[in-house]
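# Report on the structure
Next come the chains, spelled out residue by residue.
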There are 2 protein chains.
Amino acid sequence: MNHARFLIACRDLLGHDHVLTDATDTSAYLTDQRKRYTGRALAVVRPANAEQVAAIVRLCHAHRVPMVPQGGNTGLAGGATPDGSGHQVVISLRRLDRIREVDAANMTLIAEAGCLLANVQAAAADVQRLFPLSLAAEGSCTIGGNLATNAGGTAVLRYGNARELCLGLEVVTPQGELWDGLRGLRKDNTGYDLRDLFVGAEGTLGLITAATLKLFAQPAARMTALAALDSPAQALALLDLAQRMAGPLLTGFELMSDFCLRLVTQVFPQQRYPFTQSHPQAVLLELSDIESEAHARDLLERLLNAASDDGIVRDAIVANNLAQSNALWHLRESIPLAQSASGLNIKHDIAVPVSQVPAFLDATDPIVQRIAPGARMVTFGHLGDGNLHYNVMAPPGVDPARFLAQYQASVSAAVHDSVHAHRGTISAEHGLGQYKRDASAQYKSAVEMALMRRLKAAFDPDGLMNPGKVLPD
Amino acid sequence: MNHARFLIACRDLLGHDHVLTDATDTSAYLTDQRKRYTGRALAVVRPANAEQVAAIVRLCHAHRVPMVPQGGNTGLAGGATPDGSGHQVVISLRRLDRIREVDAANMTLIAEAGCLLANVQAAAADVQRLFPLSLAAEGSCTIGGNLATNAGGTAVLRYGNARELCLGLEVVTPQGELWDGLRGLRKDNTGYDLRDLFVGAEGTLGLITAATLKLFAQPAARMTALAALDSPAQALALLDLAQRMAGPLLTGFELMSDFCLRLVTQVFPQQRYPFTQSHPQAVLLELSDIESEAHARDLLERLLNAASDDGIVRDAIVANNLAQSNALWHLRESIPLAQSASGLNIKHDIAVPVSQVPAFLDATDPIVQRIAPGARMVTFGHLGDGNLHYNVMAPPGVDPARFLAQYQASVSAAVHDSVHAHRGTISAEHGLGQYKRDASAQYKSAVEMALMRRLKAAFDPDGLMNPGKVLPD
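Predicted model only: the values in this text are computed from it and were never measured.

## A word on the overall build of chain A
Each helix and strand in chain A was counted, giving 15 helices and 18 strands. Relative to its length of 473 residues, chain A is compact, with a C-alpha radius of gyration of 23 Å against a globular reference of 23 Å. Overall, chain A is about 75 × 55 × 45 Å in size when its C-alpha atoms are taken along their principal axes. When burial is assessed residue by residue, chain A has 61% of its 473 residues classed as buried. Counting contacts in chain A only where the partners sit at least 6 residues apart, residues at least 24 apart contribute 73% of the total. Taking the 41 positively charged and 47 negatively charged side chains of chain A as two groups, their mean positions are separated by 4 Å.

Next up, the structure:
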């Protein structure tokens with residue numbers, strides 16, 4: 001079948017309006033969020049439901065047309081961008097946007113892949129439940145994409161990654177069969193865990209069309225504080241104390257260096273530096289209390305007093321109200337924005353065992369300085385998960401684009417080597433896509449790469465599902 | 001190679017003492033815990049470490065000798081028992097019993113597969129941490145077996161199944177390669193989730209030799225109560241209230257019918273019926289508090305008062321001390337013992353969505369009565385997970401063995417059909433092994449069975465790893 005006839009068959013299935021081929025219609029689907037990759041596509045197709053997805057996949061499979069599933073197109077690793085051949089079809093899941101079922105008593109809901117994360121959160125809130133996955137793109141990313149990339153975010157410390165928030169899936173296989181695995185069960189030991197194989201596979205083993213998601217009791221109050229400390233090692237001591245004193249009420253633990261805070265207040269002068277004097281590190285703590293705001297405040301103050309008595313914390317600010325709490329979070333969330341406003345920089349999304357964070361920083365900062373003298377380290381992230389966005393900015397006065405061109409490859413290679421030496425990962429929460437596919441393969445054992453290839457071959461022997469992502473060709 | 005020469009090669013690898021062939025030495029390995037299955041074996045081999053496991057597997061693979069991995073041999077589905085051919089080798093993991101590493105700051109430890117669950121719990125307690133997996137066999141089951149069967153138990157409501165407690169694995173593939181996936185990371189998105197594929201696969205895809213396990217902060221206090229209620233629907237209302245008021249502090253929620261309590265107090269007269277009058281249902285609640293015993297008691301009393309005000313709870317007993325708390329748990333844990341003492345019975349390990357429990361019981365009790373008039377329903381289990389041990393006893397005066405022979409097949413088939421109709425599972429926490437392998441296959445879609453078979457073929461094309469378990473031949 002030639003391309004023209006293939007497109008006619010697509011239009012027969014989905015209707016004319018949902019098979020996009022004009023550049024003005026398709027361009028938004030062909031470049032990734034960070035504008036690292038721009039591809040071409042035979043078409044962008046927009047099925048309305050799982051049956052249409054299955055029909056389109058069967059058509060593509062029959063005609064050996066490679067497929068690229070796409071949700072909100074907010075991924076940070078180029079996992080949803082087609083290659084430059086113009087022979088691939090982008091399957092947008094955005095029209096599958098129904099909440100199919102809410103079962104408050106079972107603490108679950110079933111959402112279609114194209115639901116915006118914010119809409120899933122809202123559907124849970126409507127029945128006084130919490131869907132805790134939360135990340136910067138929540139207003140534009142889709143739950144299908146969150147699951148395909150096993151998204152992380154700020155609440156992983158307490159609630160886990162997207163993987164841990166999913167009880168069941170509906171998936172279209174690369175051959176176009178529909179697997180109904182939409183179980184809402186906390187316990188089910190009847191065979192191989194297909195669900196977790198599709199979660200995090202970035203659409204290379206099958207295409208997620210819906211998911212059964214876990215809900216939680218809504219907290220009665222959230223309480224935030226910012227603590228000033230001497231070092232990452234002291235931040236670990238604070239984490240230990242917080243876990244002992246607050247246990248599961250601790251829902252956020254974000255580290256940021258003083259340089260990060262200074263950068264935010266420079267770039268956004270309306271945000272004030274929070275402490276009266278400089279301290280090397282700061283930690284944002286969040287408690288989610290089941291009882292009351294008063295109980296949360298009391299616990300947080302006791303925790304910070306104990307940390308102060310132990311010499312761990314040098315200064316601390318406890319938010320007095322929601323506005324102050326939002327302001328503290330806003331400082332943290334402004335770090336990547338302040339970086340962007342300062343020009344291109346070398347970004348990393350790494351994790352090491354939590355206990356290894358200080359040793360990793362002690363070992364790696366000097367390595368980066370040897371390669372790129374004067375580079376400014378923008379170190380912040382989810383310390384409770386060992387996940388740092390260990391970013392590297394040009395020295396003052398150096399053109400960011402030139403710095404990036406000159407140092408990105410060598411700095412990232414050295415950082416990744418150091419991560420590997422500290423038993424860490426070079427992609428903690430963003431996935432591999434096409435961006436980190438080859439780098440990741442360097443650090444995996446031959447056994448692991450072979451097992452992954454066997455899985456790919458078993459599920460997608462024709463190599464049609466999101467080719468060129470996750471696994472090197 | 002004939003069998004005699006194969007055994008010589010095994011002894012060359014492991015030493016004479018660790019290749020058992022005499023019936024007196026092997027018999028303990030050849031019958032399952034519930035004495036449903038007795039197999040034969042060419043040998044029981046007892047490697048000392050992962051390298052020896054890999055070497056033995058390579059030997060078996062080279063000579064096409066089927067392998068049956070075994071931990072504490074406490075499984076309830078015959079998953080670790082060889083067949084009757086006498087051609088299979090049982091690989092006992094019991095000698096791999098080291099705790100390799102404890103990283104308190106990372107909240108992880110690495111345990112070898114043969115560690116007793118109780119020893120893993122103790123190693124965590126030694127560094128003031130909690131390893132929350134807890135089940136009746138914890139003094140004799142191994143962590144490798146717990147992971148291979150994705151064991152559940154009483155704390156799943158709060159901490160999840162064995163799957164959720166595992167961050168990384170070391171596995172010997174069916175070809176005898178050693179995969180080091182012992183990561184201690186909370187976030188790692190670099191490819192397919194091999195870990196969760198081996199967890200719950202019951203040794204049919206590879207052989208777990210070690211695991212990185214998640215630890216938690218130890219609670220400051222545990223507080224237990226027993227509440228009397230009218231119905232399973234009221235128990236669900238209590239669960240909802242408890243989740244709203246206690247959130248993550250709620251660590252146990254066990255339902256038991258009045259018949260269960262009466263059976264325990266009949267069989268074990270030293271245990272007293274806890275309430276002053278009969279109530280149709282009872283719920284055991286456990287809170288694990290991070291602050292203090294006083295805080296836990298206050299919260300539990302407020303919860304029970306609110307439930308009483310709402311007409312949910314008719315009576316309640318709050319344990320005043322650890323002895324009373326243990327006595328309440330002992331009532332719950334004595335139910336299966338009281339059943340065993342009363343003779344054989346028809347056992348089920350089912351789960352439905354939590355919200356479906358009342359409807360499932362309303363629908364299924366009459367079906368069982370139609371098949372086996374007068375049968376006594378022994379309904380208890382982990383209501384917080386929707387997991388019931390929905391057991392069926394002979395009517396008074398009827399010989400239990402005869403009852404079992406006459407009704408087991410028809411009752412279980414009807415119960416499982418009803419579970420399936422309520423979107424549940426016929427094996428919630430025990431796995432499939434050989435016992436439920438065929439029954440499970442009846443309820444799975446053709447797509448799911450085909451995907452499972454493709455996984456098996458991809459990892460174990462020669463069919464040598466625990467053949468005849470999980471998947472029908």
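## Re the sheet that holds strand β17 (residues 376–382) of chain A
Picture the strands of a sheet paired through backbone hydrogen bonds; they go either parallel or antiparallel. Residue and element names in this part refer to chain A. One open sheet holds the seven strands; their spatial order is β15-β12-β14-β13-β17-β18-β16, and the pairing between them is antiparallel. Edge positions in the sheet fall to β15 (315–318) and β16 (350–351), since each of these pairs with one other strand and no more. Here seven bridges tie β17 to strand β18 (residues 387–393), and the two strands are oriented antiparallel to one another. Looking across to β18, one finds that methionine 377 is bridged to valine 392. The strands that helix α12 (residues 357–371) touches are β16, β17 and β18; relative to β18, the one it contacts most, it runs at about 15 degrees.

## Considering the pattern of salt bridges
Scanning all chains against the criterion turns up 52 salt bridges over all chains. Residues aspartate 258 of chain A and arginine 262 of chain A are paired through a salt bridge, measuring 3.5 Å at the closest nitrogen-oxygen approach. Of this pair, aspartate 258 of chain A and arginine 262 of chain A both sit in helix α9 (residues 258–267), four residues apart, which is roughly one turn of the helix. Residue arginine 262 of chain A is classed as partly exposed on the basis of its relative accessible area of 30%. Where glutamate 177 of chain B meets arginine 454 of chain A, a salt bridge forms, and the shortest distance between an N and an O atom there is 3.9 Å. Of this pair, glutamate 177 of chain B sits in the loop between β8 (166–172) and β9 (178–181) while arginine 454 of chain A sits in helix α15 (residues 446–459), which puts the two residues in different chains. One network of salt bridges, in which partners are shared, links Arg163, Asp193, Arg195 and Asp196 of chain A together with Arg163, Asp193, Arg195 and Asp196 of chain B.

## Some points on the relation of the copies chain B and chain A
With an RMSD of 0.0 Å, chain B superimposes on chain A once it is rotated by 180 degrees and translated 0.0 Å along the axis. Taken together, these values place the two copies in the relation of a two-fold axis. A symmetric contact is evident, with 100% of the interface residues of chain B recurring at the interface of chain A.

## Looking at the packing of aromatic side chains
Residues and elements named next belong to chain A. Under the defined criterion, the tally for this structure stands at twelve aromatic pairs over all chains. On the numbers, 5.1 Å between centres and 50 degrees between planes, the contact of phenylalanine 403 with tyrosine 407 is tilted. Here phenylalanine 403 and its partner tyrosine 407 are both found in helix α13 (residues 400–421), four residues apart, which amounts to about one turn of the helix. The pair phenylalanine 403 / tyrosine 407 is uniform in exposure class, with both members buried.

## Some points on the side chain of threonine 108 of chain B
Tracing the backbone shows threonine 108 of chain B in strand β6 (residues 108–112). Separated by 3.1 Å, the side chains of threonine 108 of chain B and asparagine 106 of chain B make a polar contact.

## Examining the sheet that holds strand β4 (residues 89–92) of chain A
All names here are of chain A. Spatial strand order, β1-β2-β4-β3: four strands in an open sheet with mixed pairing. Of all strands in the sheet, those with a lone pairing partner are β1 (19–20) and β3 (67–70), marking the two edges. The pairing of β3 with β4 spans four bridges and is parallel. Its bridge partner lying in β4, valine 68 is registered against valine 90.

## Observations regarding the interface of chain B and chain A
With 86 residues of chain B at the contact, the number on the chain A side is 86 residues. Overall, the association of chain B and chain A removes approximately 6900 Å² of surface from exposure, summing both partners, and the carbon and sulfur fraction of that is 54%. Interface area lost by chain B to chain A is led by Lys187, Asn189 and Tyr192 of chain B, which between them contribute 15%. Across the contact surface, chain B and chain A share 16 salt bridges. The tally of links from chain B across to chain A stands at 48 residue pairs in polar contact (both at pLDDT 80 or more). Residue contributions to the side of chain B that touches chain A peak at nine residues, all from helix α15 (residues 446–459) of chain B.

## Topic: the pairing of strand β14 (residues 281–289) of chain B
Residues and elements named next belong to chain B. Burial within β14 is extensive, with nine of its nine residues counted as buried. Here β14 shows two buried faces, one formed by Gln281, Val283, Leu285, Leu287 and Asp289 and the other by Ala282, Leu284, Glu286 and Ser288. Here strand β12 (residues 221–229) runs beside β14; their pairing, made up of nine bridges, is antiparallel. Following the sheet pairing, alanine 228 is matched in β14 by alanine 282.

About the cut-offs
- Residues numbered from 1 in each chain as written.
- Chains lettered and ligands numbered in written order.
- Predicted model: local features only at pLDDT ≥ 70, side-chain atom pairs only at ≥ 80, totals over all residues.
- Heavy atoms only, no water.
- Helix = DSSP H or I, 4+ residues; strand = E, 2+ residues; numbered from the N terminus.
- Rg over C-alpha atoms; globule rule 2.2 N^0.38 Å.
- Buried < 20%, exposed > 50% of the residue type's maximum accessible area, 1.4 Å probe, protein only.
- Contact = heavy atoms within 4.5 Å.
- Lys, Arg positive; Asp, Glu negative; His and termini not counted.
- Charge placed at Lys NZ, Arg CZ, Asp CG, Glu CD.
- Pairing = 2+ DSSP bridges.
- Axes fitted to C-alpha atoms, helices over the stretch in contact; angles between N-to-C directions.
- Salt bridge = Lys/Arg side-chain N within 4 Å of Asp/Glu carboxyl O.
- Least-squares fit on C-alpha atoms with pLDDT ≥ 70 in both.
- Phe/Tyr/Trp six-rings, centres within 6.5 Å; stacked < 30°, edge-to-face > 60°.
- Polar contact = N/O pair within 3.5 Å; in protein donor to acceptor, adjacent residues only side chain to side chain.
- Buried area = accessible area lost by both parts, 1.4 Å probe.

All we've got here are geometric facts, nothing functional implied.
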